[in-house]
Amino acid sequence: MVFSSHVFVYGFLPIALLGYYLLPRALKHLGLTALSYAFYGWANPAFMVLMLTSTAIDYACGLTIAGAWGRRGKLAPLEPASEGGSRTRKQRVAVTVSIVSNLTLLGVFKYFNFAVDNYNAVVTWLDMPDQALSSALHVVLPLGISFYTFQSMSYSIDVYRGHAPALRNPIDFACYVSMFPQLVAGPIIRFSEIHDQLRQRTHTLEKFSRGAAFVCLGLAKKIILANPCGKIADTTFDAGSVLALDAWYGVTAYAFQIYFDFSAYSDLAIGLGLMLGFVFPKNFDSPYKSASITEFWRRWHISLSTWLRDYLYKPLGGNRRGPRRTYLNLALVMLLGGLWHGAAWNFVAWGALHGLLLALERSRGKRSLFDRLPRGWAIAATFLLVLVSWVFFRAENLQASLTYLAAMFGATGATGAGTSAVLLGGLIYRPYYLLSFAIAAVVAFGAPQTWDWTRRLQPWKAIACLALFWLSLALLTGQSYNPFIYFIF
Amino acid sequence: MNTRTVVETPIPEREAQALREVGTTRIGPWTAILLSFAVLGTISAVPLFQALADLRNPAADRLAPRLVRLASDAAGTVTLLRTSGFLAVNRGLQDAVDSFETRVEEESILRDRILPPAQRVLTDFLGVGNEQAYLGREGWLFYREDFEHVAGRAFLDVEALEDSERSADPLPAIRELQAELARRGAALVILPTPVKPTLHPERFAARANPRAALHNRSYPEFLDRLRSSGVEFLDPSAPLLEAKLRSGEPLFLRSDTHWTPEAMDLVARALADRANHLVAWNRPRREFRRRETPVVGSGDITAMLKMSHIERRFPSERVVTSRVVGSDGRSWRSSPDAELLVLGDSFTNVYSDPGLGWGAGAGLAEQLSFHLQRPVDRVAVNAGGALSSRQALARALEGDPARLGATRIVVYQFAARELSTGDWQVVPLP
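Since we're looking at a predicted model, the values are computed, not measured. (Residues numbered from 1 in each chain as written. Chains lettered and ligands numbered in written order. Predicted model: local features only at pLDDT ≥ 70, side-chain atom pairs only at ≥ 80, totals over all residues. Heavy atoms only, no water.)

### Here we look at helix α18 (residues 364–372) of chain B
Residues lying three or four places apart along an α-helix face the same way, a consequence of the helix completing one turn every 3.6 residues. For the record, the criterion: The classification of residues rests on relative accessible area computed with a 1.4 Å probe and restricted to protein chains. Under 20% of the type maximum is buried, over 50% is exposed, and intermediate values are partly exposed. Helix and strand definitions follow DSSP, with helices as H or I runs of at least four residues and strands as E runs of at least two, each counted in order from the N terminus.
Of all nine residues that make up α18(B), seven are buried, and the element is covered over most of its length. Taken from the residues just after α18(B), Gln373(B) is the one with a positive phi, measuring 55 degrees.

### Thoughts on unusual backbone geometry
In this model, Lys366(A) sits at a positive phi of 65 degrees, which is unusual for a non-glycine residue. Structurally, Lys366(A) is set in the loop between α13 (345–363) and α14 (375–394). We classify Lys366(A) as partly exposed; its relative accessible area is 44%. The phi angle at Glu138(B) is positive, at roughly 50 degrees, despite the residue not being glycine. Mapped onto the elements, Glu138(B) comes out in the loop between β2 (133–135) and β3 (141–143). Take Glu138(B): its relative accessible area is 56%, and that puts it in the exposed class.

### A word on the interface of chain B and chain A
Interfaces are often sized by the amount of accessible area the parts lose when they come together. This is how the line gets drawn: Residues are treated as being in contact if the distance between any of their heavy atoms lies within 4.5 Å. The term buried area means the drop in 1.4 Å probe accessible area that two parts suffer when joined, counted for both and summed. We define a salt bridge as a contact between a side-chain nitrogen of Lys or Arg and a carboxyl oxygen of Asp or Glu at a distance within 4 Å. Pairing of N or O atoms within 3.5 Å defines a polar contact, subject to two protein rules: one partner must be a possible hydrogen donor and the other a possible acceptor, and residues neighboring in sequence count only if both atoms are side-chain atoms.
Counting residues at the interface gives 79 residues for chain B, matched by 90 residues for chain A. Contact between chain B and chain A buries roughly 7,100 Å² in total, counting both sides, with carbon and sulfur atoms accounting for 65%. One can count two salt bridges joining chain B with chain A. Between Glu396(A) and Arg153(B) there is a salt bridge whose closest N-O contact spans 3.0 Å. At the junction of chain B and chain A, the tally comes to 21 residue pairs in polar contact (both at pLDDT 80 or more). Elements that contribute at least two residues to the side of chain B that touches chain A include exactly α1 (2–8), α2 (13–22), β1 (26–27), α3 (29–56), α6 (86–106), α7 (109–126), β2 and α8 (144–151) of chain B. No other element matches α3(B), which puts 15 residues into the side of chain B that touches chain A.

### Topic: the domain arrangement of chain A
All names here are of chain A. The following threshold applies: Residue ranges assigned to the domains are those given by an automatic or database domain assignment.
By domain assignment, chain A separates into domain 1 (6–200) and domain 2 (207–291 + 370–484). Taking the mean C-alpha position of each, domain 1 and domain 2 sit 29 Å from one another. With 24 residues of domain 1 at the contact, the number on the domain 2 side is 16 residues. Taken over both partners, the interface formed by domain 1 and domain 2 buries close to 1,800 Å², and the fraction arising from carbon and sulfur atoms is 75%. When residues of domain 1 are sorted by the area they lose upon contact with domain 2, Pro181, Pro187 and Gln197 head the list and together hold 29% of the total. In this structure, the connection of domain 1 to domain 2 is made through zero salt bridges.

Spelled out as structure tokens, the structure:
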């Protein structure tokens, strides 16, 4: 189910809130889990089986790690592994089973098609087309699998490391994995960040109203800013040929689209979480105001970058094994981060480009490549690098990325008024799109992010939130299915 | 003891920050009440008003029965588990949910009340159409799929063809049709009908060259492949463009996806010339006359806009159609035993099918009859010209195996956008 849909806003959400607050405390998590499974299964009921499988495995692994499988009584966290806590073979096996099973799920459902395509490309290149696998072997990507497998894995790892106690109640654990506000596109909530809220949390009017403000602003970001910018981007990226100026305009619009789309989802997730009493950490911190790529990754999709840092980069040795190994680790983490987003070579290229830039900055002591420029210019230059990388992220494939980049730098020859490229201007420079683009630019570079803006909610801000909410709902009537970009990751 | 343990567990920095910051939201009690209840009121009021409106309208498909129907559909699908397997059941459930969601959205009272004025504001003040209808210049409207066909990806691009879930390559289906017809002794002429942005790009983008016809990047290659496969075709874009430059008159209706009667007539004349060149007719000519008939109509793209007070912004258009009648003055009728068959889509039916809103008796087949002075057979379906018309022909042949007995030539007309969006699966003729 999509947050920005009629069925969610006027059907699922009122029922979910009413049901949640009417249920007695002891049944709230059961109710929330049932609602979350209905939310998830709405798109494809079969996906529920997959999530249930992942949940069951990690629940069992968690109890095994805690040494509580088959025992009664409350659970305490293990001694932190880094502070002298030792782990038995059984515990090591359990955490391995959890990691391997989650990565296997992810591997099969996300990377199988990619592997088959590459295998077929290789056998075709070797002139052995009869060895190619049938294209009928096509696996459908379950929504949000990248998010909930990472989230579920963090549970076993956190329990193993002694950062959090295992959960005895399977409903509490299922509720954590499936929680509908952030299930499909994050933020990735690590178990250690939320386990105490699963035990005890408050429901206050203050929290609820701030959640409502997040929801209003999230919906507005998606419908008023991300969708029109997405139209500009789709038009230029899907064009047969594109003029250089239009190509720049298109990729900039895509940069705004992906930021407002994804941060809108995060705002909605945080807001809905607050309405249900949960506090989820911030996921975006005005990333386009970054003056370096290192800073960008501290501000962009924070839940993923910190997940990768804590569960991949640090276990690989982080920066503790000398500069070369640090650069290698950075590059590897970003490559895998690219692949996490999508099973295609253009995502690998996107990750590699960011890995390279991060390594370059690391070699300069984490200083920006543009540290001699005034901050405003450094921000502009960093944004330019981010724009170039977004081409790989948005384009259909690697070849299309290169073609688009060539168009941006005027190397495709699409210049004349007699080519179909000229038609694009008749659509993407319409006042509505220009206005949305301009507002998006002002908000991305000049406005505070939702988290800070809603910290103090005076009456005028509440009215502004409501006005944006109603405007978004009015615009939603004219928009058909408009899923969030990160649904496909 | 356990509670203490949980509290003692170090709270990660991000969560601590979140808890600290959210815990310090500064909001007055009345502001909090206003914000919370306004949001809750909005999301609850819409379904309540929907239910009330359903109650007041006995003909409405009410929400409650729809929900019951969804549940019964779902239950019905699950009972198929033993016989059809898990994937089929899952597919059935998905279909039930999709159709429920679509109906809820389409029949929403909110959409009924809000969309037309909202669209009016978007169109009048922000110069934008919607997901189907694009605004051109000087009151012209364009259909999204036409725009995307011309400006979009090359339709013969190998990766696009491989990735497509439909049968995207038009060539195999066209070759198969040609072979099937050849077995019956009939020739095939392909008529890919240019869409509006091809011939009127200047009405969409100010910088476009009005003297050029814009095609999808694959179009020249498509024509080359037809040529090398020995498939006859008539590409009318050049003569149409020439006519536009000569007369200065538009070739397409301002607010509709279709061509003007004059453009259609020009193509009919060119087709008649081509048919006369290709076929030695067995039967004598029969007289057909034309009568000028003015028609006032509102375009199909105007309807797609779903905007209030639309007539003020996009007034109806007046065209003069040429109704074709026989020598006895009776209206033209399709002749199943004619030597020429037109297989087509709404470009064939416009001015002939009254359902399209532009009069009757003056469509492409009628004009062809007039220029040839011969009866013409017609199998035309308004949408999906890539597939529907061929399927309709196959069905017609099933019902009447002698349908193509006298046919010497088949003109297969389809909107050029079908090359990008159509389903080109091979349809065997019985």
